[in-house]
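What follows is the residue order along each chain.
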Amino acid sequence: FLNERPIDLKSEMTLISKIHFNELEGDTEDDNVPSIIELIKSAINECNDVEKRNLWGNIVTSGGFAGLNSFIDNLQIGLKETSDPRFNVKVNYPM
């Protein structure tokens, strides 16, 4: 390992965070993993319109990836693009 280039953790973390925003394809369609945006949208769409309005306006992230640069911004942009325009999308980081 002494002669190999060092690992750039920032680049690795950015790459990993991008994985969250794309569907991961499995061997079969049943094995596919939806993007985080699709998972959030599906969960919120199970609710009635009053609850949807509250949920779209108060999405709270937590954990390691939520603290990465641009994760919150990318999540909010992606959710705004996919959500019903009647609802105001707001993504928050609790700290």
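In this text, all values refer to a predicted model and were calculated from it rather than measured experimentally. (Residues numbered from 1 in each chain as written. Predicted model: local features only at pLDDT ≥ 70, side-chain atom pairs only at ≥ 80, totals over all residues. Heavy atoms only, no water.)

J.: Explain the packing of helix α2 (residues 36–45) against helix α4 (residues 71–82) to me, using residue names and the numbers behind them.
T.: Where α2 meets α4, the closest approach of the two axes is 10 Å, and the angle between their N-to-C directions is 55°. With respect to α4, the element α2 is oriented oblique. Relative to α4, α2 is oriented so that their crossing is right-handed. Contacts between α2 and α4 involve Ile-36, Ile-37, Glu-38, Ile-40 and Lys-41 from the former and Phe-71, Leu-75, Gly-78, Leu-79 and Thr-82 from the latter. Counted by class, the contact of α2 with α4 contains six nonpolar, two polar and two charged residues. (Axes fitted to C-alpha atoms, helices over the stretch in contact; angles between N-to-C directions. Helix = DSSP H or I, 4+ residues; strand = E, 2+ residues; numbered from the N terminus. Parallel < 35°, antiparallel > 145°, perpendicular 65-115°, else oblique. Left-handed = near helix turned anticlockwise from the far one by under 90°. Contact = heavy atoms within 4.5 Å. Nonpolar A, V, L, I, M, F, W, Y, C, P; charged D, E, K, R; others polar.)

J.: Before we move on, could you go through α4 and cite the residues and values that matter?
T.: Its 12 residues place the ends of α4 17 Å apart at the C-alpha level, agreeing with the 16 Å of an ideal helix rising 1.5 Å per residue. Along α4, the residues that are buried comprise Phe-71, Ile-72, Leu-75, Gln-76, Gly-78, Leu-79 and Thr-82. Projected onto a plane normal to the axis of α4, the buried residues spread over an arc of 165° and lie on a single side. Turned more than 90 degrees away from the buried face of α4, the exposed residues are Asp-73 and Glu-81. (Expected span 1.5 Å × (residues − 1). Buried < 20%, exposed > 50% of the residue type's maximum accessible area, 1.4 Å probe, protein only. Arc of directions from axis to C-beta.)

J.: Describe the nonpolar core, listing the residues and the values that go with them.
T.: Counting 14 residues, the largest nonpolar core has Trp-56, Ile-59, Leu-75, Leu-79 and Val-91 as its most contacted members. If you list the elements that add at least two residues to this core, you get α2 and α4. In terms of residue count, the dominant contributor to this core is α4 (four residues). Non-local contacts of Val-91, meaning those with residues more than four positions away in its chain, are made with Ile-59, Thr-61, Ile-72, Leu-75, Gln-76 and Leu-79. (Core = buried A, V, L, I, M, F, W, Y, C linked by side-chain atoms within 4.5 Å.)

J.: Requested: an account of the environment of Phe-87, with residues and values cited.
T.: Mapping Phe-87 onto the fold places it in the loop between α4 and β2 (91–92). Taking the relative accessible area as the measure of exposure, Phe-87 reaches 6% and is therefore buried. On a C-alpha basis, the gap between Phe-87 and Asp-49 in space is 9.3 Å, while along the polypeptide they are 38 residues apart. For Phe-87, the contacting residues outside a window of four places in its chain are Asp-49, Lys-52, Arg-53 and Trp-56.

J.: Can you lay out a negative patch on the surface for me, pointing to particular residues and giving the numbers?
T.: Where like charges cluster on the molecular surface, the negative patch consists of Asp-27, Glu-29, Asp-30 and Asp-31. Relative to the assigned elements, Asp-31 resides in the loop between α1 (9–19) and α2. (Patch = residues over 30% accessible without salt bridge, like charges linked within 9 Å, V, L, I, M, F, W, Y side chains within 5 Å. Areas by Shrake-Rupley, 256 points an atom, 1.4 Å probe, with all protein chains shown as cover. Salt bridge = Lys/Arg side-chain N within 4 Å of Asp/Glu carboxyl O. Lys, Arg positive; Asp, Glu negative; His and termini not counted. Charge placed at Lys NZ, Arg CZ, Asp CG, Glu CD.)

J.: Please provide a residue-by-residue account of the packing of α2 against helix α3 (residues 49–56), values included.
T.: Two elements in contact, α2 and α3, have axes whose closest approach is 9 Å; the angle formed by their N-to-C orientations is 145°. Along its contact with α2, which presents Lys-41, Ile-44 and Asn-45, the element α3 presents Lys-52, Leu-55 and Trp-56. Of the residues assigned to the contact of α2 with α3, the class counts are three nonpolar, one polar and two charged.

J.: How would you explain the side chain of Gln-76 if you had to name every residue and give the values?
T.: Take Gln-76: it is sitting in helix α4. Using a relative accessible area of 16% as the deciding quantity, one classes Gln-76 as buried.

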